[in-house]
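Remarks on the overall topology
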Amino acid sequence: MLANIADALPLVLTWHMAGVILACAAFGLFVGAVPGLSATMATALLVPITFFMDPVPAIAAIVTTAAMAIFASDIPAALVRIPGTAASAAYINDLSALTQKGRVARALGIAVSASAIGGVFGSLVLMVAAPQLAIISLNFTSFEYFWLALLGLSAAVMLGTGSILKSLMSLLFGLLIASIGMETTSGYPRFTFGMTSLLGGVAFVPALIGMFAIPELIRTFVNREITAPVAPVGNPLGMFKGVGAFLWRSKLNLLRGSTVGTIIGILPGAGSDIGSWISYAVSKRFSKTPEEYGKGSETGLVEACAANNSALSGAYVPAMVFGIPGDSITAIVIGVLYIKGLNPGPMVFLTSGDTIMAIFLVFLIANLLIVPLGLLAVALASQVLRVPKLTLAPLILAFCIVGSYSIDSSATGIVIMLVLGTFAYLMEENGFPVAPAILGIVMGLLVERNFVTSLIKADASILGFVERPIAAGLALLVLVVWVTPAILWLRQRRRAVTSWR
Amino acid sequence: MKFHDSIIGAMLIICGLWVVWTASGFPRLTGQPIGPGTFPVVLGSLCVLGGIGIGVQGLLSGGALAQISPHWRRPDRIASVIVVVAGTALLAATFETVGFPLGGSLLLVALFVTSGKRHPAYIALAIGFVVTVHLVMSRLLQVPIPAGVLKGIF
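Conventions and cut-offs
Each chain carries its own residue numbering, running from 1 in the direction its sequence is written. Each chain is given a letter, starting from A, and each ligand a number, starting from 1, according to the order in which they appear as written. In view of the model being predicted, local features appear only for residues whose pLDDT reaches at least 70, and side-chain atom pairs are presented and counted only at 80 or more, with totals across whole chains, interfaces and linings using the full set of residues. Values reported for side chains reflect all heavy atoms of the structure, with hydrogen atoms and water molecules removed beforehand. Aromatic contacts are taken between Phe, Tyr and Trp rings whose centres are within 6.5 Å, Trp giving its six-membered ring; a plane angle under 30 degrees counts as stacked, one over 60 as edge-to-face, and the others as tilted. By the criteria applied, helices consist of DSSP H or I runs no shorter than four residues and strands consist of E runs no shorter than two, each listed in order from the N terminus. Only protein chains enter the accessibility calculation, which uses a 1.4 Å probe; a residue whose area is less than 20% of its type maximum is buried, one above 50% is exposed, and one in between is partly exposed. Only heavy atoms matter for contacts: two residues are in contact if any of them lie within 4.5 Å across the pair. Summed over both partners, the accessible area (1.4 Å probe) lost when two parts come together is defined as the buried area. A pair is scored as a salt bridge if a Lys or Arg side-chain nitrogen falls within 4 Å of a carboxyl oxygen belonging to Asp or Glu. Polar contacts, as counted here, are pairs of nitrogen or oxygen atoms within 3.5 Å of one another; within protein the pair requires one atom able to donate a hydrogen and one able to accept it, and residues that are adjacent in sequence qualify only if both atoms are side-chain atoms. Each residue gets one of three labels, nonpolar for Ala, Val, Leu, Ile, Met, Phe, Trp, Tyr, Cys and Pro, charged for Asp, Glu, Lys and Arg, and polar for the others, Gly among them. Using protein atoms alone on a 1 Å grid, points that fit a 1.4 Å probe yet trap it form a cavity, whereas open point sets bounded by protein on both sides within 12 Å along at least five of seven lines form a pocket; residues with an atom within 4 Å of a point count as lining. Grid points are joined across faces, edges and corners, and a volume is the space filled by probe spheres set on the points.

Chain B is annotated in an unreviewed UniProt entry as Tripartite tricarboxylate transporter TctB family protein of Roseicitreum antarcticum.

In the nomenclature of an unreviewed UniProt entry, chain A corresponds to TctA family transporter from the organism Roseicitreum antarcticum.

Okay, here's the thing in structure tokens:
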């Protein structure tokens with residue numbers, strides 16, 4: 001590992017990288033601070049630009065943007081009670097309550113510091129655990145990969161919010177989209193309707209841009225809500241007054257938040273949104289003052305903020321080791337890695353160890369930069385938040401059009417963006433979450449390839465899927481993920497019937 | 001625009017059946033009982049089962065067949081959405097010939113106008129933004145974005 005770090009340092013410590021990191025940090029902070037613009041959307045908009053960059057700066061751009069956007073979403077959550085991303089939604093009541101008590105600067109100081117600490121913790125775990133996991137995963141065959149991919153997809157469906165059945169349908173929709181185009185084993189064209197532009201399949205980036213951005217744009221134009229007045233921040237330098245002593249007192253909460261966040265981030269399919277919610281719930285469960293939660297609890301804020309950014313790093317473990325995205329941002333990163341020829345999986349640690357370590361080092365730098373740049377962002381936030389979303393929306397559409405076109409210099413990308421985006425709007429309006437569909441589009445090829453390969457190896461016998469011990473263990477895990485919600489539902493129902501009697 | 005779950009369930013069943021029917025017609029791999037249709041058939045079948053589940057849930061819950069939010073009844077808001085969807089589709093169809101600087105500017109101006117922002121500053125913002133994006137992408141990042149009818153200028 002140390003040798004890889006030594007090889008990676010020259011790739012990271014360059015003026016070009018410094019420029020990329022600073023520019024993307026500013027972009028991430030801007031997008032994160034604008035309510036309604038998500039970290040995923042920011043990274044999706046960056047993809048066409050990363051297309052023309054070297055691998056390490058390309059991934060650095062995405063990593064930095066995501067880390068900054070996740071943190072920056074706390075700013076509008078505190079100032080105008082609108083979370084910049086879903087990850088901030090877990091503790092928005094506490095941030096808002098602290099703001100109402102006139103302690104907005106302290107609340108944001110805690111959020112900045114806890115986010116940075118959580119992010120650094122997650123990055124260190126990533127640097128240590130990912131290469132070790134990669135060594136173990138070298139023994140994996142198509143059977144294990146199939147179950148692992150299925151586990152990721154199942155976790156995405158089960159851990160999401162809303163109806164499990166609708167999440168599952170959304171996932172199926174994504175998998176069906178992924179099956180458009182020439183099949184990899186036989187080269188047979190599927191569901192192309194005779195269009196040559198669909199032979200290569202549905203391009204991932206326009207699909208992603210469309211499914212995240214277009215619904216948001218339609219909602220902006222239709223709803224046109226008036227943004228609430230921005231709370232005054234005061235002197236941003238006062239943000240950290242007394243925060244150090246408080247964090248030291250809350251060191252166990254910081255550690256627990258970072259650990260829970262990292263573990264949830266590592267679970268394929270879960271992400272910083274889920275990490276943040278679960279960490280907040282764990283914090284409340286073990287707190288001596290649970291009644292304060294939701295009414296301005298600084299302890300809850302510390303744990304959930306740390307979990308936010310540590311989950312972001314944790315999500316890169318399955319992404320790098322198995323090529324399975326932990327969340328929608330890592331799904332984008334996997335796409336970029338493929339474009340750059342760095343096919344994620346255990347072999348990439350052997351063939352491009354220095355590049356991977358350079359990416360991990362960027363994680364550390366990005367998370368450390370949260371503190372100084374976060375300070376700047378808070379100072380500027382009240383100005384940025386005054387830009388009406390209705391003014392930003394047309395400009396974002398222009399970005400989306402250019403981004404979708406530039407992937408393969410074809411207007412088909414714009415059409416894909418528009419069709420899937422409009423469909424995604426209807427999906428969300430009717431309670432179908434979009435994230436499982438995105439995971440389906442990203443992982444469709446991986447799941448199908450390993451499914452077909454395994455079927456051929458096992459002579460089309462399903463038993464072959466559980467003959468190897470690791471495969472059987474993973475199959476059992478998948479079964480647990482599938483059965484647990486049903487058991488919980490039955491238990492709840494029985495309890496309800498008993499209490500009614 | 002919210003549809004009743006029974007309608008959504010029916011749509012899922014039809015979609016799943018179509019996928020199963022189409023994918024069943026795909027040829028098999030030589031000497032194998034499986035082929036390019038195997039995976040889509042599995043997905044289509046699951047889609048049918050899910051559609052039945054959602055449809056049954058919908059039938060049990062009752063309610064209106066479709067609900068339109070009050071915002072969707074406002075002509076100015078519908079106009080903006082039409083500009084986003086139809087305008088972008090039109091731009092996609094004419095992207096190579098009209099080009100991004102002109103087509104993109106017209107689209108953005110139309111969006112600002114329909115969303116009530118009719119001050120000349122917004123027209124300047126739309127044109128300035130599109131031109132800046134075009135120049136950054138085509139000159140700085142060397143991404144070939146078509147200039148269309150304004151080829152001589154850009």
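Next comes the rest of the description.
Turning our eyes to something else, we now look at the packing of aromatic side chains. All told, the structure shown has 19 aromatic pairs over all chains when counted by the stated rule. Between Tyr425(A) and Trp72(B), the aromatic rings sit 6.1 Å apart at their centres with planes inclined by 55 degrees, giving tilted as the arrangement. Highlighted residues: Tyr425(A) in helix H20 (residues 412-429) and Trp72(B) in the loop between strand S2 (66-67) and helix H3 (75-93), drawn from two different chains. The same class applies to Tyr425(A) and to Trp72(B), which are both buried.

Between chain B and chain A, the contact holds 61 residues from the first and 51 residues from the second. Both sides together, the interface formed by chain B and chain A hides about 5,200 Å², and carbon and sulfur atoms give 81% of it. Residue Lys166(A) is joined to Asp5(B) by a salt bridge in which the shortest nitrogen-to-oxygen separation is 3.0 Å. Joining chain B to chain A, the criterion identifies seven residue pairs in polar contact (both at pLDDT 80 or more). Looking at the side of chain B that touches chain A, the elements that each hand over two or more residues are strand S1 (2-3), helix H1 (5-24), helix H2 (38-61), H3, helix H4 (95-98), helix H5 (100-114) and helix H6 (120-140) of chain B. A per-element tally of the side of chain B that touches chain A places H2(B) first, with twelve residues. Split by residue class, the side of chain B that touches chain A holds 43 nonpolar, twelve polar and six charged.

Attention shifts here to empty space enclosed by the protein. A complete count under the given rule lists two cavities of 30 Å³ or more for this structure. There is about 60 Å³ of room inside the largest cavity. Along its surface, the largest cavity is lined by Leu45(A), Pro48(A), Ile49(A), Phe399(A), Val402(A), Gly403(A), Val133(B) and Met137(B). Listed by contribution, the elements that provide at least two residues to the lining of the largest cavity are helix H3 (39-50) and helix H19 (389-406) of chain A together with H6 of chain B.

Glancing now at the pattern of salt bridges. Two side chains with opposite charge may pair up if their charged atoms get near one another. All names here are of chain A. Enumeration over the complete set of coordinates arrives at nine salt bridges over all chains. The partner of Glu216 in a salt bridge is Arg219, and the shortest N-O contact between them spans 3.4 Å. Here Glu216 pairs with Arg219, and both are found in helix H10 (residues 204-223), just three residues apart, close to one helical turn. Assessed through its relative accessible area of 17%, Glu216 is described here as buried. Here the salt bridges share partners, and the residues they tie into one network are Arg103, Arg106 and Glu298.

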